[in-house]
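Structure at a glance
Next come the chains, spelled out residue by residue.
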Amino acid sequence: MKHICLISCILILCGCSGRVRHCHEVETALKSLDKVIAHKEMIEGQKENRIMRLRTSVPKASSDIERYGIYNDLFNEYFQYNIDSTIAYAYRKITLAESLQDDELIRDAVLDLADRYAMSGLYDAILSLFNEYDYEWLDDARYLSILNTVYSNLSKSSNDSVLTMKYTREKEVYQQKLLSTLAADDIGQIFIRTDILLENNKAEEVLDILLPWVASNDPSLENQGVIYYTLARAYSILGDNENAVLWYARSAESDLLVPKYEYRSLYELASCMYEENDIERAYTYITRSVQDAIQSNAQLHKQFSYQILPVISSSYGKFVALKNRSIVSALSVSCVLLCFLVILSVFLIKERNRVLVAERQTKESNLMLQQLTDQLQKNVNILQETNQVKEM
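Residues numbered from 1 in each chain as written. Predicted model: local features only at pLDDT ≥ 70, side-chain atom pairs only at ≥ 80, totals over all residues. Heavy atoms only, no water.

Summing up its helical and strand segments, the chain has 16 helices and zero strands in all. In the chain, which comprises 392 residues, the share counted as buried stands at 39%. Here the analysis covers contacts within the chain between residues at least 6 apart in sequence; of these, 62% occur between residues at least 24 apart. (Helix = DSSP H or I, 4+ residues; strand = E, 2+ residues; numbered from the N terminus. Buried < 20%, exposed > 50% of the residue type's maximum accessible area, 1.4 Å probe, protein only. Contact = heavy atoms within 4.5 Å.)

Let's shift gears to the packing of aromatic side chains. Under the defined criterion, the tally for this structure stands at nine aromatic pairs. Pairing Y71 with Y89 gives two aromatic rings, centres 5.8 Å apart and planes at 55 degrees, and the pair type is tilted. With Y71 in helix α4 (residues 64–78) and Y89 in helix α5 (residues 83–100), this residue pair connects regions lying 18 residues apart in the sequence. Assessed through its relative accessible area of 11%, Y71 is described here as buried. Among the aromatic side chains, those forming a connected cluster through ring pairs are Y71, Y78 and Y89. The ring of Y89 has R92 sitting right over it, with the charged end atom 4.7 Å from the ring centre. Above the ring of F75, the side-chain terminus of K93 is found at 5.5 Å from the ring centroid. (Phe/Tyr/Trp six-rings, centres within 6.5 Å; stacked < 30°, edge-to-face > 60°. Lys NZ or Arg CZ within 6 Å of the ring centre and 35° of its normal.)

Structural remark: α-helix, 3.6 residues per turn; residues separated by three or four positions point the same way. For helix α9 (residues 161–181), spanning 21 residues, the distance from its first C-alpha to its last is 30 Å, which sits close to the expected 30 Å at 1.5 Å a residue. Structurally, the start of α9 carries an N-cap: the backbone nitrogen of V162 is 2.9 Å from a side-chain oxygen of D160. (Expected span 1.5 Å × (residues − 1). Polar contact = N/O pair within 3.5 Å; in protein donor to acceptor, adjacent residues only side chain to side chain.)

Here we come to the pattern of salt bridges. Going through the model one piece at a time under the given rule, you end up with 20 salt bridges. The residue D108 makes a salt bridge to K93 at a minimum N-O spacing of 2.9 Å. Taken together, the residues D108 in helix α6 (residues 103–120) and K93 in helix α5 connect sequence positions 15 residues apart. Assessed through its relative accessible area of 23%, D108 is described here as partly exposed. According to the relative accessible area criterion, K93 is buried, its value standing at 0%. In the salt-bridge network here, residues are joined through shared partners; they are K93, D108, D112, D115 and R142. (Salt bridge = Lys/Arg side-chain N within 4 Å of Asp/Glu carboxyl O.)

To continue, consider the confidence of the model for the chain. Confidence in the prediction of the chain, expressed as mean pLDDT, is 84, and 83% of residues score 70 or more. pLDDT under 50 marks residues 1–17. Its contacts with residues more than four places away, or in other chains, come to 19 contacts. (pLDDT = per-residue confidence, 0-100.)

With that settled, consider the nonpolar core. By size, the foremost hydrophobic cluster in this structure holds 90 residues, and its most contacted members are L33, I126, F130, L269 and Y285. Of all the elements, α6 adds the most residues to this core, at nine residues. Among all residues touching L269, those that are not within four sequence positions of it are L30, L33, V245, Y248, A249 and Y285. (Core = buried A, V, L, I, M, F, W, Y, C linked by side-chain atoms within 4.5 Å.)

Glancing now at the layout of surface pockets. Here the second largest pocket is characterised by a volume of approximately 160 Å³. As for the second largest pocket, its lining consists of eleven residues, and the residues nearest its centre are I37, A38, T284, Y285 and R288. Of all the elements in the fold, those that place two or more residues in the lining of the second largest pocket are α2 (24–38) and α15 (279–296). In terms of residues, the lining of the second largest pocket owes the most to one element, α15, which gives seven residues. Of the residues contributing to the lining of the second largest pocket, the split by class is three nonpolar, three polar and five charged. (1 Å grid on protein atoms, 1.4 Å probe; cavity = no way out; pocket = protein on both sides within 12 Å on 5 of 7 lines; lining within 4 Å. Points joined across faces, edges and corners; volume = space filled by probe spheres on them. Nonpolar A, V, L, I, M, F, W, Y, C, P; charged D, E, K, R; others polar.)

Attention now moves to the packing of α2 against helix α13 (residues 241–257). It is the contact of α2 with α13, at a shortest axis distance of 9 Å, that shows an interaxial angle of 25 degrees. Taken as axis vectors, α2 and α13 run roughly parallel relative to one another. Between α2 and α13 lies a crossing of left-handed hand. For the pair α2 and α13, the contacting residues are E25, V26, A29, L30, S32, L33, V36 and I37 in the first and E242, V245, L246, A249, R250, A252, E253, L256 and L257 in the second. (Axes fitted to C-alpha atoms, helices over the stretch in contact; angles between N-to-C directions. Parallel < 35°, antiparallel > 145°, perpendicular 65-115°, else oblique. Left-handed = near helix turned anticlockwise from the far one by under 90°.)

Next up on the list: the packing of α13 against helix α14 (residues 265–275). Direction vectors running N to C along α13 and α14 enclose 145 degrees, while the axes themselves pass 8 Å from each other. For the pair α13 and α14, the crossing hand works out as left-handed. Along its contact with α13, which presents V245, Y248, A249, S251, A252, D255 and L256, the element α14 presents S265, L266, E268, L269, C272 and M273. Among the residues making up the contact of α13 with α14, the classes are represented as nine nonpolar, two polar and two charged.

Moving on, we come to α14. If you check which residues of α14 are buried, you get S265, L266, Y267, L269, A270, C272 and M273. Where α14 ends, the next residue or the one after it, N277, has phi of about 70 degrees, a positive value.

It is worth spelling out the environment of Y151 at this point. Counting through the fold element by element, Y151 comes out in helix α8 (residues 141–157). Each C-alpha atom of the pair Y151 and E172 lies 8.8 Å from the other, and the pair is 21 residues apart in sequence. Setting aside its immediate chain neighbours within four residues, Y151 contacts L127, Y167, E170, K171 and Y174.

If you want it as structure tokens, here you go:
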């Protein structure tokens, strides 16, 4: 009976299971990411509370300098979380800095706005912005980093070979200037160097740089997301899909804990899960990516996510249908086994009753036989006594 129940449970579980099993380390990372995704509301609530405290402190600012600092904190909180609010506070910073006639603050605010434009793919707006505010930019690492991003992305997206070469040359110029500007121990150095190595398919050198660095440093969540993503890309280039999934999962978890909603790790991971036939996770991850892109109004993020959403959604629909059929089949088999179990139970109960009746009859027969035996013994004793009397 126990064996039949066990078989039924196994059949149902098999019908419900569709996930590919990974090694322990990867599965642990994926389960940790799944928990973070499940706690979206709680993480967002903490973020919104921080934002609300900052917003309520704006009217209480005792000076414009203090107010500028609050705007800066709000800009950082909204950055990669909500594009519209980020740009709004960048403009507020510019307006306030201009009213203060503080060139350093104006530069900081303009670079903030340009940084946000770079994340949104507004490259022409960046160049116009830098032309409008004509400062001595070339020694500023943020300025060089933004232009490196601009020309790097333009070179990747251009369909014109001549323009691609032009953008590539510009990118290389700003990369070298940026490397010479950043301090040797600046994390930006690592970002640029590893990016150059990956562009040249030198993934093993990237691992040689980043793995020891990760083991000996404790970067912020924001930097973890970037570094882990770079490691995932390196493993992907080397064809090590298991480690690629591991670092994509860790990168995505870091991004969602910030939380920031402009990222690549989660939808890259969704693609990996789809290729490994882990359709449930693939659908969960791509759905979350699209939700975050819509919530943050991130156009580039939407573009990347929408590319694989239809494929995964279609496969998920088929997976759910197949899963439902498997469950129905398993339940049907379970019902048959249950009926067999009932019939077998009835048969065993009847057999047990027959055995009990037979045992009772046997006991009664044995008792009667014992009584007859005792009576016979008494008669024998009487006969022996009678014979002894006659002989005397």
